[in-house]
Amino acid sequence: MALPAGTRDFLLGGKHALVIGAEHPVGRVAAVSLAEAGAKILIASQEAGTAAAMKETAKAVEAAGQKNVPTQVQHAVIRADLSATVDLTIRKLGGLDILVTALDNPFYAPADATNDSDFDHVMEDNFKNVWMACQEAGRVMLQRGGGTIVVISNVMGERGVPNATLYCAAKGAVRNLVRALALEWARRGVRINMIECGWLDAAGSAQNSSDEFAEKLVKYLPYRRLMKPEELGGALIYLVSPAAGFVTGESIAIDGGLLCRV
Amino acid sequence: MILESFSLEGKVAIITGAGRGLGRAMAIRFANCGADIVAASRTLAQLEETAAAVRKLGRRCLVKPTDVTSSAQINTMVDAAIAEFGQIDILVNNAGIGEESFGKRIEKITDEDWRAGIDTNLSSQFYCARAALPHMVKRKRGKIINVASGYGLRGGKHNYMYACSKGAILQLTRSLALTYADDNIQTNCIVPGIFPHNAALMEFFKGGKFIPVGRVGEDEDVGPLAVFLAADASNHVNGELVIIDGGGLAGGITPTGVAPANSN
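Once a new chain begins, its residue numbering starts again from 1 and follows that chain's sequence as written. Each chain gets a letter, beginning with A, and each ligand a number, beginning with 1, in the order they are written. Residues qualify for local features only when their pLDDT is at least 70, as the model is predicted, and side-chain atom pairs are given and counted only at 80 or more; totals for whole chains, interfaces and linings, by contrast, use all residues. Each side-chain value is worked out from all heavy atoms of the structure, with water and hydrogens disregarded.

**Some words on helix α3 (residues 79-93) of chain A**
All names here are of chain A.
Part 1 of the argument: An ideal rise of 1.5 Å per residue puts 21 Å on 15 residues; α3 measures up with 21 Å between its terminal C-alpha atoms.
Part 2 of the argument: Packing partners of the buried residues in α3 comprise β1 (16-20), β2 (40-44), β3 (71-72) and α4 (116-143).
Part 3 of the argument: Just past α3, the residue Gly94 takes up positive phi, approximately 90 degrees. Helix and strand definitions here come from DSSP, where helices need a minimum of 4 consecutive H or I residues and strands a minimum of 2 consecutive E residues; each element is numbered from the N-terminal end. By definition here, a helix of n residues has an expected span of 1.5 Å times n minus one. Whether two residues are in contact is decided by their heavy atoms: any pair within 4.5 Å suffices.

The structure is reproduced here in structure tokens:
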């Protein structure tokens, strides 16, 4: 059955998208959703040594309809890597209209047991890489007349969590980066928004670290379940589509209402 | 497929304030995405125009003139919606007044002005939610979309009723969201920035030249956001405020919201 005509507002045919952090479940969903909406994608990793996971993402994007998914295994905190990935996107796809970052590396430790090297890693893996990706892709978008960026982060950018002080600080920094950059580029055709995930039901997520914590957490959530990565697809497609042309500097939380509660 | 999750095929949406402005724009977008519409507001002639546009898109539209400050009239409207369509999937609480009161000094605001504003902007949303929720709870599905304003998040000089009623809508959204999560009902809030609907407001907002993206909002900007919040695409989004304001509320601590070097 044909889809109603109005859903065409969300088609991304002719758009070129770079997804960084595509080895993660969240980045994979982002890439697949964009491909389903008709964009052409290049996928890049957050970290080196992720070829197997990246291959899996490439296969999923292919299943969504894109033949030959260009794939770049890189380290997203190295300037030269990001710059090369952006160049490759232009070369392989012919443009760069959409950047999605799914950059994340959770860190849990008491503040009094956290050292300076931890600080650098947490900030690099959650914040500095987002900043650099926005800069590198943004420069190209500004030159080429515009584009749109969605930064995928999580609800720890909005609230505090004990024993996750640095991680919360990094996510909070990302949240305000998006506000300020949105203002800076608003009149130059680049929109930038965020998606803040709730507690994720995905391998490698923090709640899997302790069964006891996971059990208590789930009872605390308004829907009494974790967020599935697939549940971010709709917000992503809305935010990157031209139909969201008046939305910038904003974040949409996919948390079932968690941020509403006391 | 992701685009399917934006379809409203087979769904029924009540929209208050559907006779003009954002309400009409949402009605038309919803219809274009496959929904049937219950159009409610005070003025029949305006509702008929919206209904004509909805029907032109091949969807049904029930026109129901309603004074949204009257819970009795709202209950009647919801009953009529059920009688006509048998279900309510989406409630858009959009009716509102009071932008013309901006700048009115506190001593000039009568008790009646205050109450009429609070009743239209805030109580109407409570009454509509109260009337529609049992029908959503029964089917364990539903979407409530409340329309607030940037003035729900920030204050304004000589802006009392409007800022208070819109701020309260954010809280109504959050409490409905938490309460009805168990019933698979999502309540979210659209927070529009500057959408001037007449020349006087355009003048009041200086044509929107301080808005970061460099333009005011157009009614059509809100339609796709409402579709997202009404559709399965937003099934884990709940209690959320989505600001649609050209970037204004991301800033505000400098005069224009953009860096001095880039300003106007």
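**So, the sheet that holds strand β7 (residues 251-254) of chain A**
All names here are of chain A.
Part 1 of the argument: What the seven strands build is an open sheet, ordered β3-β2-β1-β4-β5-β6-β7; its pairing is parallel. Of all strands in the sheet, those bounded by a partner on one side alone are β3 and β7.
Part 2 of the argument: Paired strands, in this sense, are two strands between which DSSP finds at least two bridges. When strand β6 (residues 190-197) meets β7, the two strands line up parallel, connected through four bridges. Across the sheet, the residue bridging to Glu196 is Ala253, located in β7.
Part 3 of the argument: Packing of helix α1 (residues 25-36) onto the sheet brings it into contact with β1, β2, β4 (98-101), β5 (147-154) and β6, and relative to β1 it is tilted by some 170 degrees. Where helices are involved, their axes are fitted lines through C-alpha atoms of the stretch in contact, as for all axes, and angles between N-to-C directions lie from 0 to 180°.

**Quick look at the interface of chain B and chain A**
Part 1 of the argument: Each partner contributes to the interface: chain B provides 55 residues, whereas chain A provides 45 residues.
Part 2 of the argument: Interface area, chain B with chain A, both sides summed: about 4100 Å², of which 64% is carbon and sulfur.
Part 3 of the argument: Salt-bridge contacts for Asp9(A) lead to Arg29(B); the nearest nitrogen and oxygen are separated by 2.2 Å.
Part 4 of the argument: N or O atoms closer than or at 3.5 Å make up a polar contact, with two conditions inside protein: a donor-capable atom paired with an acceptor-capable one, and, for residues adjacent in sequence, both atoms drawn from side chains. Applying the counting rule to chain B against chain A returns 17 residue pairs in polar contact (both at pLDDT 80 or more).
Part 5 of the argument: Those elements that provide at least two residues to the side of chain B that touches chain A are α1 (21-32), α5 (161-179), β6 (185-192), α7 (219-230) and β7 (241-244) of chain B.
Part 6 of the argument: At five residues, α7(B) tops the list of elements feeding residues into the side of chain B that touches chain A.
Part 7 of the argument: By the convention adopted, Pro, Cys, Tyr, Trp, Phe, Met, Ile, Leu, Val and Ala count as nonpolar, Lys, Arg, Asp and Glu as charged, and the other residues, Gly among them, as polar. Per-class residue counts for the side of chain B that touches chain A are 28 nonpolar, 17 polar and ten charged. Using a 1.4 Å probe, buried area is obtained as the accessible area two parts lose upon being combined, added over both of them. For this analysis, a salt bridge means a side-chain nitrogen from Lys or Arg found within 4 Å of a carboxyl oxygen belonging to Asp or Glu.

**Side note on the state of the cysteines**
Here a disulfide denotes one covalent bond, and it connects the sulfur atoms of two cysteines.
Residues and elements named next belong to chain B.
Part 1 of the argument: Criterion for a disulfide: a pair of cysteine sulfur atoms at a distance within 2.5 Å. Applying the stated criterion to the full structure yields zero disulfides over all chains.
Part 2 of the argument: For the unlinked cysteine Cys128, the closest cysteine sulfur is that of Cys189, found at 15 Å.
Part 3 of the argument: Overall, the relative accessible area of 0% leaves Cys128 in the buried class. In this scheme, a residue with accessible area under 20% of its type's maximum is buried, one over 50% is exposed, and one in between is partly exposed, where area comes from a 1.4 Å probe on protein chains only.

**Notes on the sheet that holds strand β4 (residues 90-93) of chain B**
Residue and element names in this part refer to chain B.
Part 1 of the argument: With parallel pairing, seven strands are arranged side by side in an open sheet as β3-β2-β1-β4-β5-β6-β7. Of all the strands in the sheet, just β3 (61-65) and β7 have a single pairing partner and so form its edges. Shown here is a sheet whose adjacent strand axes are inclined to one another by a mean of 15 degrees, direction ignored.
Part 2 of the argument: Across four bridges, the pairing between β6 and β7 is parallel. Following the sheet pairing, Ile190 is matched in β7 by Val242.
Part 3 of the argument: Seen against the sheet, helix α3 (residues 71-85) touches β1 (12-16), β2 (36-41) and β3 and runs at an angle of roughly 160 degrees to β3.

**Digging into the side chain of Ser123(B)**
Part 1 of the argument: Within the secondary structure, Ser123(B) is located in helix α4 (residues 111-139).
Part 2 of the argument: Side chain to side chain, Ser123(B) and Asp119(B) meet in a polar contact 3.3 Å long.

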